[in-house]
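# Examining the three-dimensional arrangement
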Amino acid sequence: MVTAHVQPGVLDGAAFRADFPVFDRPHRTGRPLSFLDSAASSQKPRVVIDAVADAYAHHYANVHRGIYELSEDATHRFEAARDALARFIGAPSAREVVFVRNATEAINLVAYSWGRTNLHAGDLILATEMEHHANLVPWQQLAAATGARIEYVAITDDGHLDLDDLRARLARGPRLLAVTHVSNALGTINPIVEITRMAHEAGALVLLDAAQSVPHMPVDVAALDVDFAVLSGHKMFGPSGIGALWGRRDLLDAMPPFMTGGSMITRVTLDGADWNEVPWKFEAGTPAIAEAAGLAAAIDYLEGIGMAKVRAHERFLFDQAWAALSDMPGIRFLGPDDSDEHAGVISFMVDGVHPHDVATILDGEGVAVRAGHHCAQPVMLRYDLPATTRASFSVYNDLDDIVRLTDAIRVTQRTFGTA
Ligand code: PLP
């Protein structure tokens, strides 16, 4: 049982809520919003909203084109956002950071550009059973287009990647392993340093889906030693419409463009074109200019807190929520029970109640959670479930959210007469 006054948590959730205008908006119940769906998309702090507005109001022109002051200012700010993101994720060079729309586009870029150049019939691609659809379907499409094979690393009953299964599959010589850092459906934090070492020893490249880790914990792509990493701005307090691919420079240099058109060229004739250098080779057309300003502000905001503190806070909330839900009858969980290996995402089932009904009743109590397959249908199949209810945490959550979550689940159980 949790009571909101028992422990303050690591960060002051209420103070953070004051930074996010959405929490000024009353829920239809008249109660404040308890937002437990940051894994789907985070709320936006005022500094990010203001940075986007300021970019449009005072710094807006197309980038990489103009030779007038305003365009140079816009270009400078756009490239400064790239520098900020490179620093934030430990990229050795900002030239290795490609702006795209989201993590999904970044994975499609690698699958298309690296994959169609380097993979041939019979080659093996490894993914895992816990991937988001964004890290499954592009590889399936690549396999279909090239004749490559695709295999999936198994998940254990308690929600870990099965490293014995990984070892066995790596022995078959895959060209690439596509693996998530944090599972959005299970909350599992995968041991990427160990996984990457194993993959590299077997001669496979590693693409890391960092969509659920970069917003919630320190991530250093160089220290993790992966070859590609992808993320989405909208999950890390930034705007939607901007995300990034980070890739090793030698790999990016050798890859053909994904999309073609303006900006990504150095010279065009009626007979053909020469490609720009990375990262611009992969940024065809006008990019997300104001969104980049918002992303830079989001990074600044996260760096101001410190990612170790973000992680500690969400871990504290996870521990409290797991303990509180474990005390209740009729609740089952997915994913590891140890918070060393579990991010601030709890996927659970309320016995006898469909997850969509749970989420609907919780919404009636002002508690916003996600219910469904979380774009990870193979995870649902693995555990023979139609869906789960998922609560996920951010800096603006605190123990009060967990009290409200557990109270609302009790209302659900009373409504359905299941406990
Ligand atoms: N990978 C993971 C682990 C995710 O959780 C998500 C989104 O939920 C994605 C990839 C795809 O992100 P986006 O929809 O922003 O491309």
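Coordinates for the structure precede this section.
Our subject in this report is the structure included herewith. Since the model is a prediction, treat every value here as computed from it, not as a measurement.

### A few points about the packing of helix α4 (residues 103–118) against helix α5 (residues 137–146)
Between α4 and α5, the least distance of the axes is 9 Å, while the angle of their chain directions is 20°. The angle between the axes of α4 and α5 places the two elements in the roughly parallel class. In this structure, α4 meets α5 at a crossing whose hand is right-handed. Taken together, the residues of α5 that come into contact with α4 (itself represented by Ile107, Asn108, Val110, Ala111, Gly115 and Arg116) are Pro138, Trp139, Leu142, Ala145 and Thr146. Counted by class, the contact of α4 with α5 contains seven nonpolar, three polar and one charged residues.

### Considering the pairing of strand β7 (residues 228–232)
The element β7 is extensively covered by neighbouring structure, given that five of its five residues are classed as buried. Residues Phe228, Val230 and Ser232 line one face of β7 and the alternating positions Ala229 and Leu231 line the opposite face, and both faces are buried. Sheet topology note: the strand β6 (residues 205–209)/β7 ladder contains three bridges and is parallel. If you follow aspartate 209 over to β7, its bridge partner there is valine 230. Bridging between β7 and strand β8 (residues 243–247) involves five bridges; their strand directions are antiparallel.

### Structural notes on unusual backbone geometry
Look at the link from valine 278 to proline 279: it is a cis peptide, with omega at 5°. Its location among the elements puts proline 279 in the loop between β10 (272–275) and α10 (289–305). The phi dihedral of aspartate 384 falls on the positive side, at around 55°, and the residue is not glycine. Residue placement: aspartate 384 occurs in the loop between α13 (377–382) and β15 (388–392). With a relative accessible area of 70%, aspartate 384 lands in the exposed category.

### A short note on the nonpolar core
Among the nonpolar cores identified, the biggest contains 79 residues, and Leu85, Phe88, Ile89, Leu166, Val226, Met236 and Val379 are the most heavily contacted of them. The biggest single contributor to this core is α10, with nine residues. Setting aside its immediate chain neighbours within four residues, phenylalanine 88 contacts Val214, Val219, Met236, Ile299, Leu302, Glu303 and Met307.

Parameters at a glance
Residues numbered from 1 in each chain as written. Predicted model: local features only at pLDDT ≥ 70, side-chain atom pairs only at ≥ 80, totals over all residues. Heavy atoms only, no water. Axes fitted to C-alpha atoms, helices over the stretch in contact; angles between N-to-C directions. Helix = DSSP H or I, 4+ residues; strand = E, 2+ residues; numbered from the N terminus. Parallel < 35°, antiparallel > 145°, perpendicular 65-115°, else oblique. Left-handed = near helix turned anticlockwise from the far one by under 90°. Contact = heavy atoms within 4.5 Å. Nonpolar A, V, L, I, M, F, W, Y, C, P; charged D, E, K, R; others polar. Buried < 20%, exposed > 50% of the residue type's maximum accessible area, 1.4 Å probe, protein only. Pairing = 2+ DSSP bridges. Core = buried A, V, L, I, M, F, W, Y, C linked by side-chain atoms within 4.5 Å.

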